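# Overview (structure and organization)
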Amino acid sequence: MAEPLIRAEGAAHSWDGTRWQFRDLDFAVAAGQVTAVLGANGCGKSTLLRVATGLRAPTRGRITVAGTAALVPQDFARAFPYRVIDMVLMGRARHIGLLRMPGRRDREAAMEALAVIGLAGKAAERFDALSGGQRQMVLIARAIAAEPAALFLDEPASALDLGNQDRVLRLVRVLADRGLAVVMTTHQPNHALAVADTALLMLPEGAVFGPCHEALTETRIEMLYGLPVRILDVKAADRGFRSVVPLYRG
Ligand SMILES: Nc1ncnc2c1ncn2[C@@H]1O[C@H](COP(=O)(O)OP(=O)(O)OP(=O)(O)O)[C@@H](O)[C@H]1O
């Protein structure tokens with residue numbers, strides 16, 4: 001593997017000193033790679049992203065990022081009465097500097113980021129007039145505009161319809177192919193299988209990290225969510241798809 005941009009070494013975090021969200025965590029993500037983080041509600045995925053992006057200190061060990069990290073948080077798609085372009089320009093803060101106005105390069109970078117997500121035509125519109133899915137995409141554009149080395153996405157497709165889920169997943173792949181190291185949390189094993197090179201499974205008895213198609217087994221997915229699943233290989237449109245089918249009991 002190429003030299004990792006993101007590296008976790010013995011990382012551990014506890015909010016209250018009694019319960020660990022993660023412990024003895026080791027993983028690495030190189031430029032051009034996507035890692036999917038999966039685990040039950042409340043297991044510590046968002047906490048992991050906060051530690052990886054420096055918003056929280058690890059309780060033990062460390063997570064290092066070689067370069068700048070950008071985070072697209074899970075619950076930030078709230079409506080602000082700003083124009084879309086101004087939301088994206090916020091991603092340029094590190095480049096603009098304190099109390100300075102955005103320059104031409106900042107505006108170009110913001111417009112390029114909007115073009116990547118296919119919303120350049122919405123630049124002058126109000127952020128709070130967009131749909132939830134469009135707002136999610138704009139927040140991804142804001143992170144792209146920061147020109148980070150590593151991008152952390154917290155459930156980027158959770159509020160999206162199937163078509164927009166696919167758009168976000170393809171965007172994640174495009175960004176990795178441009179050389180970013182990408183970490184995304186997801187509750188959808190199929191999203192991990194569609195786009196991730198590696199998977200980090202936050203199992204109750206400890207994390208498992210490895211190549212996505214090897215890490216995601218029926219047994220481990222059942223251990224993650226307490227629900228049996230079957231993994232099927234489907235051939236369609238001249239290619240193969242691996243798909244996780246939950247055996248819902250409802
Ligand atoms: N600011 C905080 N202070 C104290 N405890 C917190 C804080 N944020 C999260 N926690 C706790 O840490 C644990 C992990 O939360 P976290 O949000 O990281 O889980 P998650 O895996 O992202 O969950 P979900 O899949 O539901 O989004 C939970 O028990 C939560 O209550």
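The present account deals with the structure reproduced in this document. (Residues numbered from 1 in each chain as written. Predicted model: local features only at pLDDT ≥ 70, side-chain atom pairs only at ≥ 80, totals over all residues. Heavy atoms only, no water.)

## Observations regarding the overall build of the protein
- Secondary structure assignment for the protein yields 9 helices and 11 strands.
- The 250 residues of the protein split such that 45% are buried.
- Put simply, 63% of the contacts in the protein that link residues at least 6 apart link residues at least 24 apart.
- Approximately 12,400 Å² of the protein is accessible, and the part contributed by carbon and sulfur atoms is 51%.
- Positive and negative side-chain charges in the protein, numbering 30 and 25 respectively, have mean positions lying 4 Å apart. (Helix = DSSP H or I, 4+ residues; strand = E, 2+ residues; numbered from the N terminus. Buried < 20%, exposed > 50% of the residue type's maximum accessible area, 1.4 Å probe, protein only. Contact = heavy atoms within 4.5 Å. Areas by Shrake-Rupley, 256 points an atom, 1.4 Å probe, with all protein chains shown as cover. Lys, Arg positive; Asp, Glu negative; His and termini not counted. Charge placed at Lys NZ, Arg CZ, Asp CG, Glu CD.)

## Description of the sheet that holds strand 8 (residues 198-203)
- With respect to topology, 6 strands assemble into an open sheet ordered 5-6-7-3-8-9, the strand pairing being mixed. Only two strands of the sheet have a single neighbouring strand rather than two, namely strand 5 (69-72) and strand 9 (206-211). The sheet shows a mean angle of 15° between the axes of neighbouring strands, taken without regard to direction.
- Here strand 3 (residues 34-38) runs beside strand 7 (residues 181-185); their pairing, made up of 4 bridges, is parallel. Along strand 7, the bridge assignment pairs T35 with V183.
- Running at roughly 155° to strand 7, helix 6 (residues 162-177) makes contact with strand 3, strand 6 (150-154) and strand 7 of the sheet.
- Packed onto the sheet, helix 9 (residues 218-225) meets strand 3, strand 8 and strand 9 and runs at close to 45° relative to strand 8. (Pairing = 2+ DSSP bridges. Axes fitted to C-alpha atoms, helices over the stretch in contact; angles between N-to-C directions.)

## As for the packing of helix 5 (residues 132-145) against helix 6
- Packing of helix 5 against helix 6 brings their axes to within 12 Å, and their N-to-C directions diverge by 10°. Between helix 5 and helix 6, the angle falls in the class roughly parallel. Along the contact surface, helix 5 presents M137, I140 and I144, while helix 6 presents R167, V168, L171 and L175. (Parallel < 35°, antiparallel > 145°, perpendicular 65-115°, else oblique.)

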